[in-house]
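# Structure assessment
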Amino acid sequence: MKKPLLVGAAGCGSIIVEFGLNLAGIAYDYEEVDYSDDSPTRARLLQVNPLGQVPALVLPDGKVMSESLAILHWIQDQKPAVALIPPPGDAARADFYRWAVFLIAAVYPTWTYGDDGKKWVGGDAAAGKALRDSTDEHRKKLLKQMEGACGAPHFLGKRFSAIDLYLAAMSHWRPGKDWWSSHVPKLLAAARAAIDRPEVSRIIARDFKQQA
Ligand SMILES: N[C@@H](CCC(=O)N[C@@H](CS)C(=O)NCC(=O)O)C(=O)O
């Protein structure tokens, strides 16, 4: 069978999808792109995802999926045993939906818009830096809110889920491990429990110098 093709960028949100694919045992091809406006691979990325974002997954039938959480649902559907998402009837399902969507709708955009702030404010470097600084601060509040809802050893308590995969990736992004360790230690512990899985740790080791 034809393999899905993951269009991604090292260390970016595409690694969350790679964690899921690896845990599910789904073989995939990988194409590295640079999503910067002036990159030589930008045109190719836009061809796959007109929003110019990674991850994007080209399914075996040619259909394209973007949005990491949607892709994780697709993975769950292919291989239900992967248990990324609590099934209907599971007591953890409501919490899963609440916090997975919180991650995607509230937390993730603080990087999306802050990473290259000037891109969103008309090229003004000072305004771009202000956007980055304010989204960096906002993210800290959001993560602290999640800390209050975090169980152990996984975010949902006894049950591992895709939320832990987001935490595993995001704990490597701004503001970094030292801040997570002092301000959101429960989230960091849940991230580390996910990183303990070899299917996750090998991607982390590939893309980040500081592993856990
Ligand atoms: N909601 C998207 C967010 C994806 C996202 O923001 N990706 C970043 C890289 S980690 C990106 O492509 N940024 C470039 C841009 O938004 O122009 C998802 O969950 O997949």
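Residues numbered from 1 in each chain as written. Predicted model: local features only at pLDDT ≥ 70, side-chain atom pairs only at ≥ 80, totals over all residues. Heavy atoms only, no water.

What follows covers the packing of aromatic side chains. All told, the structure shown has six aromatic pairs when counted by the stated rule. Measuring from centroid to centroid gives 4.8 Å for Tyr113 and Trp120, while their planes differ by 80°, and the two rings are edge-to-face. Residue Tyr113 is classed as partly exposed on the basis of its relative accessible area of 39%. Cluster of aromatic residues (ring-pair linked, three or more members): Trp99, Phe102 and Phe155. (Phe/Tyr/Trp six-rings, centres within 6.5 Å; stacked < 30°, edge-to-face > 60°. Buried < 20%, exposed > 50% of the residue type's maximum accessible area, 1.4 Å probe, protein only.)

Below, the discussion takes up helix H4 (residues 93–114). Compared with the 32 Å implied by 1.5 Å per residue over 22 residues, the 31 Å span of H4 between its first and last C-alpha is a close match. Residues of H4 that are buried in the fold lie against helix H3 (68–78), helix H5 (125–149) and helix H6 (162–170). (Helix = DSSP H or I, 4+ residues; strand = E, 2+ residues; numbered from the N terminus. Expected span 1.5 Å × (residues − 1). Contact = heavy atoms within 4.5 Å.)

Quick look at the site of the ligand now. Taken together, 13 residues form the shell around the ligand, and within it Val54, Glu67, Ser68, Thr112 and Lys119 come nearest. Here a nitrogen atom of the ligand sits 2.8 Å away from a polar atom, N or O, in the main chain of Val54. Within the contact set of the ligand, an oxygen atom lies 2.6 Å away from a side-chain nitrogen or oxygen of Lys119. For the ligand, whose accessible area on its own is 510 Å², the fraction buried by protein is 94%. (Near = heavy atom within 4 Å. Polar contact = N/O pair within 3.5 Å; in protein donor to acceptor, adjacent residues only side chain to side chain. Areas by Shrake-Rupley, 256 points an atom, 1.4 Å probe, with all protein chains shown as cover.)

Glancing now at the sheet that holds strand S3 (residues 56–58). Spatial strand order, S2-S1-S3-S4: four strands in an open sheet with mixed pairing. Taken across any chain shown, the strands that pair with only one partner, and hence form the sheet edges, are strand S2 (29–32) and strand S4 (64–66). Averaged over all pairs of adjacent strands, the angle between strand axes in this sheet comes to 20°, irrespective of strand direction. Strand direction decides the pairing type here: S3 and S4, joined by three bridges, are antiparallel. Within S4, the residue paired with Leu57 across the bridge is Met65. Contacts from helix H1 (residues 14–24) reach strand S1 (5–8), S2 and S3, with the element oriented near 150° to S1. In the packing of H3 onto the sheet, contacts are made with S3 and S4, and the angle to S4 comes to roughly 125°. (Pairing = 2+ DSSP bridges. Axes fitted to C-alpha atoms, helices over the stretch in contact; angles between N-to-C directions.)

Turning to the domain arrangement of the protein chain, a few remarks are in order. By convention, interface size is frequently given as the accessible area that disappears when the constituent parts associate. Annotation of the protein chain at the domain level lists domain 1 (5–82) and domain 2 (93–197). Look at where the C-alpha atoms of domain 1 and domain 2 centre, and you get two points 20 Å apart. Contacts between the two partners involve 17 residues from domain 1, matched on the other side by 17 residues from domain 2. For the pair domain 1 and domain 2, the summed buried area comes to about 1,200 Å², and 67% of that belongs to carbon and sulfur atoms. Considering only the surface of domain 1 that becomes buried against domain 2, Ile16, Leu23 and Leu69 emerge as the three largest contributors, covering 38% of it. Our enumeration of links across domain 1 and domain 2 arrives at one salt bridge. A salt bridge links Asp37 to Lys119; the shortest N-O distance between them is 3.9 Å. On inspection of domain 1 and its partner domain 2, the count reaches five residue pairs in polar contact (both at pLDDT 80 or more). Put simply, the parts of the chain that give the side of domain 1 that touches domain 2 at least two residues each are H1 and H3. Top element by residues in the side of domain 1 that touches domain 2 is H1. It accounts for five residues. Grouping the constituent residues of the side of domain 1 that touches domain 2 by class yields nine nonpolar, six polar and two charged. (Domains from an automatic or database assignment. Buried area = accessible area lost by both parts, 1.4 Å probe. Salt bridge = Lys/Arg side-chain N within 4 Å of Asp/Glu carboxyl O. Nonpolar A, V, L, I, M, F, W, Y, C, P; charged D, E, K, R; others polar.)

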